[in-house]
Structures are given as structure tokens and as C-alpha cells.
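Remarks on the overall topology
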Amino acid sequence: TNGKNPLKDKRVRQALGMAIDREAIVKRIMQGLGVAAGDLLPQPMFGSRADAKVQKYDPAGAKKLLADAGYPNGFAITLGTPNDRYINDAEVAQAVAAMWTRIGVKTSVDSIKSTVFFKNRDEYKYSAYLAGWGAGTGEMSSPLRSLVATQNKEKGMGVTNRGRYSNPAMDAKLEEALRTVDDKNREALLQAASRRVINDYGILPLHYEVT
């Protein structure tokens, strides 16, 4: 890519999201034990959005976005995944890789034991990786603060942000929410922060596991 990082271009991230057929993954790989995701947490968890939509599967549109971004012939990428941590994790990653490859992003999968995977992930060895998140608090601030907030050790932000995503506008909404005691106002701020991440394709939700 001539020294450029394609993933810094929102159009490329959007294309990767559009290339994923989430409903097919839920139906064929998860065999119904999943729900296609359009947000970081499902309804009715605190801070989730009733208007969150699952990204539409549109491989033709994805190819056009890649071309518009300057990658008409795509590029190559490795997708990291554990093979013993989540339900059908390796199979899901293989499916995503095949879908990305179809739009010209030639994707290989590094499928390994979770202990090695998380070590590699924490050492930033993956440009893209598959992982899950459980919000112990039941609140949207949990995934926002850990997964996509700009890394800041002093504030305890971005502690699991291994994609190095950074969106100052989202950070501001999140920090305001964390200072807000009123539930109604805090939830609105968390919803706004979540919407910014999803609309910026800072993370690509796949599905919620159902047990």
C-alpha cells in the first residue's frame, strides 16, 4: 500500500464492515445461537440504542468504497483469532476472511490458542482481530472505556484498545457520561458516544452470543 495504512481511512473500515454477512454467520455458523449486532451492547442494556441497525451486507458497495479510497485492487491483511475462547471463534474468523477476500482484501487467518492470541494482540501483532466483550456492569461505558477510548493510562482509558482507535469527540462524550450521575442524561451521553464509534467504523460488531 505504498507505506499507507488503509485502516486509517474510514471508507476502508466501512467497506470491511459492509463485506460481512452477519446474518449468514448467525444462521450457518452460530446455528441460531447468536443475534447479528449493530452496536457494542444489545438492547436493553444501559446505554444501548433501540435505533441501532445491523450494517447492511453490500459487497458491491464495499468494492466501490475501496476503489474510492485508492485501493481498487485491495490489499492483504491477517486476521487474528483465538480458536478456543468464543463459540465457533475460528470458524467465524474464517468466514469473515472469506468475505473480505471476495471484495479484494486478501485475508489470511492466524488461528491459535487463546493464551498465545491475547499475548500477540497485546503486543499489537494484528492489524485486525476477532474478540468478544462482556460488560460486567451492564452499561455501555464498559466497552467504550476499554475497547475504543483513546489510550490513556492515567485515566484508565483504552486499556484493551489494541486497534489504537482514537476519536476525541467520542472520548469527550464518554468522559462527560462518566461524570454524570443522572441516569437519563448519562444514558443519552453513552448512546451518543456509541453512535460516534459505530458511525466511524471504529469497531465492527458481529453478533451477540446467545446461551
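Residues numbered from 1 in each chain as written. Predicted model: local features only at pLDDT ≥ 70, side-chain atom pairs only at ≥ 80, totals over all residues. Heavy atoms only, no water.

1. Considering the pattern of salt bridges
Following the criterion strictly, the structure yields 13 salt bridges and no others. A salt bridge links aspartate 200 to arginine 13, with the nearest nitrogen and oxygen atoms 3.2 Å apart. Of this pair, aspartate 200 sits in the loop between α8 (183-199) and β5 (207-209) while arginine 13 sits in helix α1 (residues 10-18), placing them 187 residues apart in sequence. A single burial state applies to aspartate 200 and to arginine 13, both of which are buried. A salt bridge links aspartate 183 to arginine 186, with the shortest nitrogen-to-oxygen separation between them at 3.0 Å. You can see aspartate 183 and its partner arginine 186 sitting in helix α8, 3 residues apart, about one turn around the helix. (Salt bridge = Lys/Arg side-chain N within 4 Å of Asp/Glu carboxyl O. Helix = DSSP H or I, 4+ residues; strand = E, 2+ residues; numbered from the N terminus. Buried < 20%, exposed > 50% of the residue type's maximum accessible area, 1.4 Å probe, protein only.)

2. Things to note about helix α5 (residues 114-122)
Buried residues of α5: Ser114, Phe117, Asn120 and Arg121, and no others. Axial view of α5: buried residues confined to an arc of 125°, hence all on one face. The elements touched by buried residues of α5 are β2 (75-82), β3 (105-112) and β4 (128-129). Where α5 terminates, the next one or two residues include tyrosine 124, which has phi positive at roughly 60°. (Arc of directions from axis to C-beta. Contact = heavy atoms within 4.5 Å.)

3. Here we look at the packing of aromatic side chains
Tallying each qualifying case throughout the model produces 4 aromatic pairs. On the basis of an interplanar angle of 20° and a centroid distance of 5.5 Å, the ring pair of phenylalanine 117 and tyrosine 126 is categorised as stacked. For tyrosine 126, a relative accessible area of 8% gives the class buried. Note on phenylalanine 117 and tyrosine 129: the rings are 6.1 Å apart at their centroids and 65° apart in plane angle, and the pair reads as edge-to-face. Here phenylalanine 117, found in helix α5, pairs with tyrosine 129, found in strand β4; they are 12 residues apart in sequence, far enough to count as distant. (Phe/Tyr/Trp six-rings, centres within 6.5 Å; stacked < 30°, edge-to-face > 60°.)

4. Notes on the nonpolar core
Judged by nonpolar contacts, the single largest core of 29 residues is most densely connected at Ile25, Val92, Val96, Trp100 and Val105. Elements with a minimum of two residues in this core: α1, α2 (22-29), α3 (59-68), β2 and α4 (89-102). Excluding its chain neighbours within four sequence positions, the residues that come into contact with valine 105 are Leu16, Leu66, Phe75, Ile77 and Trp100. With 18 residues, the next largest nonpolar core counts Leu147, Tyr165, Ala193 and Val197 among its residues. (Core = buried A, V, L, I, M, F, W, Y, C linked by side-chain atoms within 4.5 Å.)

5. Describing a nonpolar patch on the surface
A cluster of nonpolar side chains, namely Leu33, Val35 and Val210, defines an oily patch on the protein surface of about 220 Å² accessible area. Checked against the element boundaries, leucine 33 lands in the loop between α2 and β1 (34-36). (Patch = residues over 30% accessible without salt bridge, like charges linked within 9 Å, V, L, I, M, F, W, Y side chains within 5 Å. Areas by Shrake-Rupley, 256 points an atom, 1.4 Å probe, with all protein chains shown as cover.)

6. Focus: the environment of arginine 49
For arginine 49, the position within the fold is in the loop between β1 and α3. By relative accessible area, which is 8% here, arginine 49 ends up buried. Put simply, arginine 49 and arginine 195 are 146 residues apart on the chain and 8.4 Å apart in space, counted from C-alpha to C-alpha. Apart from the residues lying within four places of it in its own chain, the contact partners of arginine 49 are Gly38, Asp39, Gln43, Gln191, Ser194, Arg195 and Ile198.

7. What about the pairing of β2?
For β2, the tally of buried residues reaches 6 of 8 residues, placing the bulk of the element in the interior. Of the strand pairs in this sheet, β2 and β3 are connected by 8 bridges, and their pairing is parallel. Of the residues in β3, the one forming a bridge with threonine 81 is serine 111. In this view, the connection linking β2 to its parallel neighbour β3 by way of α4 has right-handed handedness. Relative to β4, β2 is paired through 2 bridges, and the arrangement is parallel. When the bridges of β4 are listed, leucine 79 appears paired with alanine 128. (Pairing = 2+ DSSP bridges. Right-handed = clockwise from strand over helix to strand, strands pointing away.)

8. Some remarks on the environment of serine 166
Residue placement: serine 166 occurs in the loop between α6 (141-148) and α7 (168-178). For the pair serine 166 and glutamine 151, spaced 15 residues apart in the sequence, the C-alpha separation amounts to 7.8 Å. A distance of 2.7 Å separates polar atoms of two side chains, one belonging to serine 166 and the other to threonine 150. (Polar contact = N/O pair within 3.5 Å; in protein donor to acceptor, adjacent residues only side chain to side chain.)

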